[in-house]
Each structure stands twice: as structure tokens, then as C-alpha cells.
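Single-letter residue listing:
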Amino acid sequence: MSAVPSIADLLERVPSWMGRAVEWQRLAGGLSHHVYRVDVDRVPYVLRVLEPKVHEAGLGIAPEREIANTEVAAGTVGAQVYATLPDVPAIVLEFLPGRTLGAAEVRMPAVIPALATACRRLHAGPAFGNDFDIFEKRAELLERCRRHDLPLPAGYLDRESTVEVLRAALSKEPLPAVPCHNDLLAENFIATSSGVRIIDYQLSGNNDPAFELGDIAAEADYDPDLTGLLAGAYFGAELTPALLARVRLFHIVSNVTWALWFTVHHGLLAAARGEDPVGFDYAAEAAEKWGQARNALDDPALGRLLGTVTGRNPLTPNP
């Protein structure tokens, strides 16, 4: 990764912090950018320093767009934005007084409705300035793998025709696009006294809300029952078998696509800088996500999900 300004330099770029008692520490959990807790006269803030090479590698939206979307989301479920440093680029954010959720917690049936409520709040807010399509992102990441001769997960291209069937099925009657986070792993949820909040808008953009739910299900490794609970909490009385099947198909597409995200991150960023400061095994995560996706793509039950969404089984030839 390219060098970023030193933390001492960054602290001097925030005018309201000048001449005050400042302490800082790096926060664990960020897989791409550099995130710090900064205490100014004992008041905590978050300093999120965006790495431009993340966008250049296709792993996130442009820094200026992430900053803008973070400001939009602050009006619904995001942290408040106190300052922006576009030339760095970096954002000074509210330190949310709450608890970062973990993988086990987001799988608890008692917690899942709160996740759905947070998504509904985000989705009901003002639109972002960019759109996001998971199949377009997959095509972009696949092209980067080809261009840089990065090894794909074993058997990845063998399932191209099935992935195309999913794309065609999900392109029919899409839900109206809403402002989505698009990367809701457990650590991007913060439980506070006022409800669950959502942080880190690296891949945000207007999108089909069914993808948001399917992505949560994929990141948390939900089974069909937990996925149904999430979809029911989100859609309420409007939930239909077709909507639920749509969410479950996006669960598969999430794993198909983010397997490439981790492949690219490993090949272009993590491996290039040597030992990873966050201690994360991107290659292993790519293999894990592809293993789950491959199993779902090869499962005979896929045809039933497709049939529920489209009215027929696209995997079965027409008579």
C-alpha cells in the first residue's frame, strides 16, 4: 500500500484538535483502511484514513464518494462526521458509544430484528451519489484477476454458466434501489442504547435491498431459517416466497463475488506489503467463501429457489 501520513501529522491537520491533549491508538478490525481512536481532552473520536489503492484495486468506491456517502448515512444510522480531510483522504467521526457486534451475536435470533431495523433506517434515507451492482463488481474483480494473472479459486470459471443463470433471474423485477451499505459483516454493526448503528461505507451505493439482506446472511453464515427470520423482520407482511428466494440467491452471489474480493486483496495489496498489520488471511477467506458458494451452486435445491423467483427452473431446459 502507498504510504499514508504519519499519525502525528494527521493529528495536526484537524484544526479543532490543535493545542489540546491528544492520545491515540489504532483500532483492530479494519481490513483495508487505517482506523484510529483519538481521544481529545478525553473525548473519543474515530479517525478513518482511506487508502486510495483500495479503490484503485477495485476493492472500494472512490475515497471522495466514500466520504460523501458517510456524510449522508450520518443522518440515519451512521456515525456523525465532524471533519473531513479530502487531501489525505480521511474522515473524523463520532466514536459510537456502544458494542461492536461479533459473528456469534449477529446469529442470535433475538438480535436479528435489530439488524433489519438498522437496514430499513439506512434504506429509507437520502440516496447515495453512486449505484452498486454486485454482478458488475464481480465482472470488475474477475477482470483484475485476469489482468494481473491472479490465481482464481479452484473451479471458479467452471460455474460461469450457473452464475449467469442467477444474474438473469435476479435481473427480473428488481426491487427499487435504495442506499445500501453492501458489506455488512458483523463488525460493521454497533449496538448502542438508541439501536444498532452501521459504520464503514467502503462499498456503499444504491442497490437492491434484497442484496443487503443476502449479504448479511452470507457474512454471518445464516442457514435458511435465520435468513427467513432476517427477511421477515425486514419485509414484514410484504414478505413473499419470491422475495425470500431472492434474498437467498443474493446470499450465494455475495459469496461468489467476495471470494474474488479477497483474492484481489491478497494478490494486489496484502501480499505486496508483506506481513499484514491486521493479521488477516485474505487467501484463506477467499477459499472459504468460494467453498460455500460452490456448494450452493452445485446444490440441486438451487433450481427450486430459481423457480420461486422466476416462475420456472432456468436450470432445466424448456420442453
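Just above sits the structure.
Participant: It is not clear to me how the sheet that holds strand S8 (residues 189-192) should be interpreted in this structure. Could you clarify?
Facilitator: To summarise the sheet geometry, strands pair through backbone hydrogen bonds and adopt either a parallel or an antiparallel arrangement. The antiparallel open sheet is built from three strands, whose spatial order is S6-S8-S9. Whereas interior strands pair on both sides, the edge strands pair on one side only; in this sheet they are strand S6 (98-100) and strand S9 (195-198). In this sheet, neighbouring strand axes are inclined to one another by 30 degrees on average, regardless of whether the strands run parallel or antiparallel. Judged from the four bridges that link them, S8 and S9 form a sheet pairing that is antiparallel. In the sheet register, alanine 191 faces S9, and the bridge partner there is valine 196. The strands touched by helix H4 (residues 112-123) are S8 and S9; relative to S9, the strand with the most contacts, the crossing angle is about 55 degrees.

Participant: Can you walk me through the side chain of threonine 76 in this structure?
Facilitator: As for its placement among the helices and strands, threonine 76 is situated in the loop between helix H3 (63-73) and strand S4 (81-85). Contacts of threonine 76, omitting those with residues within four sequence positions, involve Arg121, Leu122, Gly125 and Pro126.

Participant: Explanation requested: the packing of helix H6 (residues 160-171) against helix H11 (residues 302-310) in the structure shown.
Facilitator: In helix packing, the relevant descriptors are the interaxial angle and the interaxial distance, both defined with respect to the helix axes. Remark: H6 packs on H11, axes separated minimally by 10 Å, with the N-to-C direction vectors making an angle of 25 degrees. By the angle between their directions, the pair H6 and H11 is classed as roughly parallel. In this structure, the crossing between H6 and H11 has a hand that is left-handed. Along its contact with H6, which presents Thr162, Val165, Leu166 and Ala169, the element H11 presents Leu302, Leu306, Val309 and Thr310. Within the contact of H6 with H11, the residues separate by chemical class into six nonpolar, two polar and no charged.

Participant: Please explain the sheet that holds strand S5 (residues 90-94) as it appears in this structure.
Facilitator: An order of S1-S2-S3-S5-S4 is seen for the five strands of this open sheet, with the pairing classed as antiparallel. A strand with exactly one partner marks an edge of an open sheet, and here the two such strands are strand S1 (22-26) and S4. Pairwise comparison of adjacent strand axes, ignoring direction, gives a mean angle of 20 degrees for this sheet. The pairing of S4 with S5 spans four bridges and is classified as antiparallel. Bridge pairing in S5 links alanine 83 to valine 92.

Participant: What's the story with helix H7 (residues 209-219) in this structure? I'm lost.
Facilitator: Helical geometry note: an α-helix holds 3.6 residues per turn, so side chains three or four residues apart project in the same direction. Most of H7 is tucked away, with 10 of its 11 residues classed as buried. Those residues of H7 not exposed but buried are Pro209, Ala210, Phe211, Glu212, Leu213, Gly214, Asp215, Ile216, Ala217 and Ala218. Capping the start of H7, aspartate 208 holds a side-chain oxygen 2.8 Å from the backbone nitrogen of alanine 210, two or three residues further along. A positive phi of about 55 degrees marks aspartate 221, the residue just after H7.

Conventions and cut-offs
- Residues numbered from 1 in each chain as written.
- Predicted model: local features only at pLDDT ≥ 70, side-chain atom pairs only at ≥ 80, totals over all residues.
- Heavy atoms only, no water.
- Pairing = 2+ DSSP bridges.
- Helix = DSSP H or I, 4+ residues; strand = E, 2+ residues; numbered from the N terminus.
- Axes fitted to C-alpha atoms, helices over the stretch in contact; angles between N-to-C directions.
- Contact = heavy atoms within 4.5 Å.
- Parallel < 35°, antiparallel > 145°, perpendicular 65-115°, else oblique.
- Left-handed = near helix turned anticlockwise from the far one by under 90°.
- Nonpolar A, V, L, I, M, F, W, Y, C, P; charged D, E, K, R; others polar.
- Buried < 20%, exposed > 50% of the residue type's maximum accessible area, 1.4 Å probe, protein only.
- Polar contact = N/O pair within 3.5 Å; in protein donor to acceptor, adjacent residues only side chain to side chain.

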